[in-house]
Amino acid sequence: MELRRLIVLLFLAVVITSTLLSSTMARYTDQFSGGDRALIAVWNMGARGEDDTPGEFYNKGFTFNLFDSKSVQPMDYGEKSFTFRGGGSDVAIAYDVEMDVADLLQLTTEEIKAIIAGESGKDVFVPFIFKITAKLNEGATGEVPTIFSPYDETSPYYDTGWFRPKDIEFDEEGYFSIFEGTPVFPPGSTDEVTITVAWQWNTSFYINDTNIPAVTEPNYVAADPATGSEGVYPPYYQVAYDQYYGSGGLLEQYEAAQNALVQYFEVHGSPEENGNWPPHSVPCPLSDAEHHAHYNAIIDPVEQQAFLNTHGGLMDPEAGIIWTEHAIFCTADHFAEYSVLKAAADEALHACQTSLLQAYDDYDTFAVDALAAREVATVLFRIKGEQVAPR
Ligand SMILES: [Zn+2]
Ligand SMILES: [Zn+2]
C-alpha cells in the first residue's frame, strides 16, 4: 500500500499583481493667494519591489512577484519584500497597504466536499499561511507601522505570527489593511517602509479543522511554521511521515500483520467459496521428546504401532525409535485462527488509512487538484497614499 505521493508540480500560477494607487494627484489651493493662483504640491510617493532596479521608485506599478512566477507545491515556502516612501512630498500622507487573498480561501463547496483519512464531508481550504513584517530604513524618523493580527492571545496561531487568510475579515472587493491604525508620513518625510511578506503551504495550520480522529484530542496537531528540519520535510510533516514510514511504524505493522496472514494460508490453505476449510496435513509440531512421551503412554501394542505409523517412528534395533520428518492431519480451528489474524491485519490497515500522514496527503491532494482546475489564483497587494489636508 502506498500513499498517493504529490510528485506532480502544482499547476498553480499564483500571480501577484501589484498596483500602486497614488491618490489623485495631490493638490490643494492656496486660500490666501491674491489671485487665482493654484499651488500644486509636490507629490512624490513611490514604491519598489525587491526585484526592481535598486534605488528606483515607481508611482504606478512595481515588481512584486511573491511566488517568483513559479508553480507552488505542498510544503513550499518563501518571502518577498517591497518598499515604499513618501518621497519628501510637501504634504502629510496617510498610507495603507492592502492585501487581497480572496482567491486563497475555501476549495470545497456545499456540493463538493473532501474525504480526509477516510472521513467524508470535510472542508478544505487553500493551506496557505502568511506572515507580514514592516521595518523602516536606517535614519528614518517616523514610527514603524504596526502590523495587524486577526488573532488574540487565545488563538493557537497568535504566537506564531502567521495568519490564515480564512481568519481575516475583508471588504467587498476582498481587500483588508495589513496595518493597525492609520500610519502617516509627515510632510517632507523621506522615510522608507519595507514590507516583507512570508508565505508557506502549511497544512498543520488547517488539519485540526477536519476534526478527524488523527487530529482530535489527544492527537491535536500543533500549528508549526518551522521550515528547517533534520529530515526531508518540514517538522510538522516529518513527524507524520516517520509515524507512518519509520521503523516499527504503521506501514511496517501493517506489512507484518499481512505477512502473518499470508504465512497462515501457506501452511493451512485458504477457505473455499462454499465456506469449508479444505482438509490438509501439516508438519507434525511434536518434538522427539514429546513423541517419546506420547508413545510411552500407550499400552496397547496395536495402538503403539499405529502411533509409530502416524508419526514417522522407525524402530532401530540399536538406537531405539527414530522419529523421521512427517506430516499429520491438521485439526486446528482454522476459522477461529484466521479471524484473529484477519482482524489484526484489518486493524493495521485501518491505522494506516486514518493516519495523520494520510490526512495531510488527502488534504494537500484535494487542494492541489482544486487549485489546478483554476486558471489562476491571485494574491493582490495595493499601496494607498492619501493627502492629509493641511490645516
Ligand atoms: Zn490447518
Ligand atoms: Zn508426529
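Refer to the structure above for everything that follows.
Residues numbered from 1 in each chain as written. Chains lettered and ligands numbered in written order. Predicted model: local features only at pLDDT ≥ 70, side-chain atom pairs only at ≥ 80, totals over all residues.

The subject of this paragraph is the overall build of the chain. Within the chain, the secondary structure is distributed over six helices and 15 strands. A burial count over the chain gives 27% of its 391 residues as buried. Residue pairs in contact within the chain that sit at least 24 positions apart in sequence constitute 73% of those at least 6 positions apart. (Helix = DSSP H or I, 4+ residues; strand = E, 2+ residues; numbered from the N terminus. Buried ≥ 20, exposed ≤ 12 C-beta atoms within 10 Å, placed from the backbone. Contact = placed C-beta atoms within 7 Å.)

Attention now goes to helix H6 (residues 356–372). Look at H6: 24 Å from first C-alpha to last across 17 residues, which is about the 24 Å you get at 1.5 Å a residue. Of all 17 residues in H6, 14 are buried; the element is thus mostly enclosed. (Expected span 1.5 Å × (residues − 1).)

If you walk across this open sheet you meet the four strands as S2-S3-S10-S7, and the pairing is antiparallel. The outermost strands of the open sheet, each flanked by one partner alone, are strand S2 (46–49) and strand S7 (128–136). Shown here is a sheet whose adjacent strand axes are inclined to one another by a mean of 20 degrees, direction ignored. (Pairing = 2+ DSSP bridges. Axes fitted to C-alpha atoms, helices over the stretch in contact; angles between N-to-C directions.)

Take the nonpolar core next. Core analysis: the largest hydrophobic core is formed by 68 residues, its most contacted members being Phe-130, Leu-356, Ala-359, Tyr-360, Tyr-363 and Ala-367. With ten residues, the top contributor of residues to this core is H6. Apart from residues no more than four positions distant in its own chain, Ala-359 is found in contact with Ile-116, Ala-117, Ile-207, Thr-210, Ile-212, Ala-214 and Val-215. (Core = buried A, V, L, I, M, F, W, Y, C linked by C-beta atoms within 7 Å.)

Turning to the pairing of strand S13 (residues 320–323), a few remarks are in order. In terms of strand pairing, strand S12 (residues 313–316) meets S13 through four bridges, oriented antiparallel. Bridging from a neighbouring strand, Met-315 pairs with Ile-321 of S13. Between the end of S12 and the start of S13, which pair antiparallel, lie three residues.

Okay, the packing of helix H2 (residues 250–268) against helix H5 (residues 334–353) next. At a closest axis distance of 8 Å, the pairing of H2 and H5 adopts a crossing angle of 160 degrees. The orientation of H2 with respect to H5, classified from their angle, is roughly antiparallel. The chirality of how H2 crosses H5 is left-handed. Side by side, H2 and H5 meet where Leu-250, Leu-251, Gln-253, Tyr-254, Ala-257, Gln-258, Ala-260, Leu-261, Tyr-264 and His-268 of the first sit next to His-334, Glu-337, Tyr-338, Leu-341, Lys-342, Ala-344, Ala-345, Ala-348, Leu-349, Ala-351 and Cys-352 of the second. When grouped by side-chain class, the residues that make up the contact of H2 with H5 number 15 nonpolar, four polar and two charged. (Parallel < 35°, antiparallel > 145°, perpendicular 65-115°, else oblique. Left-handed = near helix turned anticlockwise from the far one by under 90°. Nonpolar A, V, L, I, M, F, W, Y, C, P; charged D, E, K, R; others polar.)

Another aspect to go through is helix H4 (residues 301–310). Of all ten residues in H4, zero are buried; the element is thus mostly exposed. Directly after H4, the chain includes Gly-312, whose backbone phi takes a positive value near 65 degrees.

Let us look at the environment of Asp-346. Inspection of the secondary structure assignment puts Asp-346 in helix H5. For the pair Asp-346 and Tyr-254, spaced 92 residues apart in sequence, the C-alpha separation works out to 8.4 Å.

Turning to the packing of helix H1 (residues 235–245) against H6, a few remarks are in order. Contact geometry for H1 and H6: axes closest at 8 Å, N-to-C directions at 125 degrees. On the basis of the axis angle, H1 is oblique to H6. Between H1, through Tyr-237, Ala-240, Tyr-241, Gln-243 and Tyr-244, and H6, the contact on the second element is made entirely by Leu-356, Leu-357 and Tyr-360. Broken down by class, the residue content of the contact of H1 with H6 amounts to seven nonpolar, one polar and no charged.

Any functional reading would require information beyond the geometric quantities listed.
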